[in-house]
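# What the coordinates show
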Amino acid sequence: MLCPSHKPSASLKVLIPLSALIPAPESTTKRFSIIFLPLHFCLKLKIMNISNKLFQDIEYLAYLETFLTENRVQRFKKVLENRTNHITVVAEDVYQLHNTSAVMRSCEVFGVQALNVIEQKFGKRIDKQIALGAEKWVDIHRYNSVQGCIDSIKAQGYKVVATTPKGKAQSLDKFDLSAPSAIFFGTEKTGLSHEIIEQADDYITIPMVGFTESLNISVSAAIIIQSLTTRLRESDINWQLSDQELLAKQIDWARKSIKDIDFITERYLEIQQSWN
């Protein structure tokens, strides 16, 4: 036996078996672990996996409508008859908190379904602004860069329309509505950025006859949105939501109107599973 203070000689050779240096071959036997998860957890995973299908499931809508009053159901249908994605609105870096919500309300009141918000400079301030009542009925799309928004808008088939009181802008009442259009509104003091102005496909302005050359963004948005949507409904353009879009919004609004929607959805999936 060696005492604790004993140190082996530097010349001591240690023999390591060759087999220890060669990795063991991988097992060809597959092993499976069975994990039991609570039913409600499994259903939540299922909801996540089929969420897109749920928003196109007419039976799911019928099930949700059993939890709504008939007046509520008919109100949704009536409002959606006047909703459009032919026009969409874009607000670029709006600083004042109340202005974004005012634009959002104008979209909702006059039937524009989507509001796009560029938060390149003032994202944290607009975060608080978004959480108001109108966002329940309007789709909010947020971008952290001007170019990202422009690229997305154009990829969806919209032309970029800049609102400006100067330059080559045409009068609001003469604007051609035949093509899907994204109406861009700028900041309170400087208006739209050069990045948007340079890439715009068209330019519009509100006819004014006074000394003042501009209006507050919330006022401008209300005037322009009301004017364009009124003209749109009076035209022969196919401006209404598609059947697919209508179904998705009916389900979306129904879900937002029902308490314990996750539990109710789980129950629906259980019923569907039992039938299958």
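Data block above holds the structure.
Reading guide: rules and limits
Residues numbered from 1 in each chain as written. Predicted model: local features only at pLDDT ≥ 70, side-chain atom pairs only at ≥ 80, totals over all residues. Heavy atoms only, no water. Helix = DSSP H or I, 4+ residues; strand = E, 2+ residues; numbered from the N terminus. Buried < 20%, exposed > 50% of the residue type's maximum accessible area, 1.4 Å probe, protein only. Contact = heavy atoms within 4.5 Å. Areas by Shrake-Rupley, 256 points an atom, 1.4 Å probe, with all protein chains shown as cover. Arc of directions from axis to C-beta. Phe/Tyr/Trp six-rings, centres within 6.5 Å; stacked < 30°, edge-to-face > 60°. Salt bridge = Lys/Arg side-chain N within 4 Å of Asp/Glu carboxyl O. Pairing = 2+ DSSP bridges.

The next point concerns the overall build of the protein chain. For the protein chain, the count of helices and strands is eleven helices and seven strands. By the burial criterion, 39% of the 276 residues in the protein chain qualify as buried. Contacts in the protein chain between residues at least 24 apart in sequence constitute 82% of all its contacts with a sequence separation of at least 6. Surface summary for the protein chain: the accessible area is close to 17600 Å², and the carbon and sulfur share equals 56%.

Moving on: helix H7 (residues 146-155). Along H7, the residues classified as buried are Val146, Cys149, Ile150 and Ile153. On an axial view of H7, the arc spanned by its buried residues comes to 100°, and they lie on one face. Next to the buried residues of H7 lie strand S1 (87-92), strand S2 (114-118), strand S3 (139-143), strand S4 (159-163), strand S6 (181-185) and helix H8 (194-199). Backbone geometry just after H7 places Gly157 at a positive phi near 95°.

Counted under the stated rule, the structure contains six aromatic pairs. Ring geometry for Tyr63 versus Phe67: centroids 5.4 Å apart, planes at 70°, classification edge-to-face. You can call Tyr63 buried: its relative accessible area is 18%. Residue classification places Phe67 among the partly exposed residues on the basis of a relative accessible area of 41%.

Next up on the list: unusual backbone geometry. Its identity is not glycine, yet Asp260 carries a phi of approximately 55°, on the positive side. Tracing the backbone shows Asp260 in the loop between helix H10 (243-257) and helix H11 (261-275). By relative accessible area, which is 58% here, Asp260 ends up exposed.

The next thing to look at is the pattern of salt bridges. Evaluation of the coordinates by the stated rule reveals eight salt bridges. Here Arg142 makes a salt bridge to Glu119, at a shortest N to O gap of 3.0 Å. Taken together, the residues span a long stretch of sequence, with Arg142 in strand S3 and Glu119 in the loop between S2 and helix H6 (123-130) at a distance of 23 residues. Overall, Arg142 belongs to the partly exposed group, its relative accessible area being 46%. Classification of Glu119 as buried rests on a relative accessible area of 11%.

Counting buried positions along S2 gives five out of five residues, so the element sits mostly inside the fold. Of the two faces of S2, the one carrying Ala114, Asn116 and Ile118 and the one carrying Leu115 and Val117 are both buried. Sheet analysis places S1 next to S2, joined by four bridges and oriented parallel. Paired with Val90 across the two strands is Asn116, which belongs to S2. Where S2 and S3 come together, five bridges link them in parallel fashion. Directly across from Ala114, in S3, lies its bridge partner Asp139.

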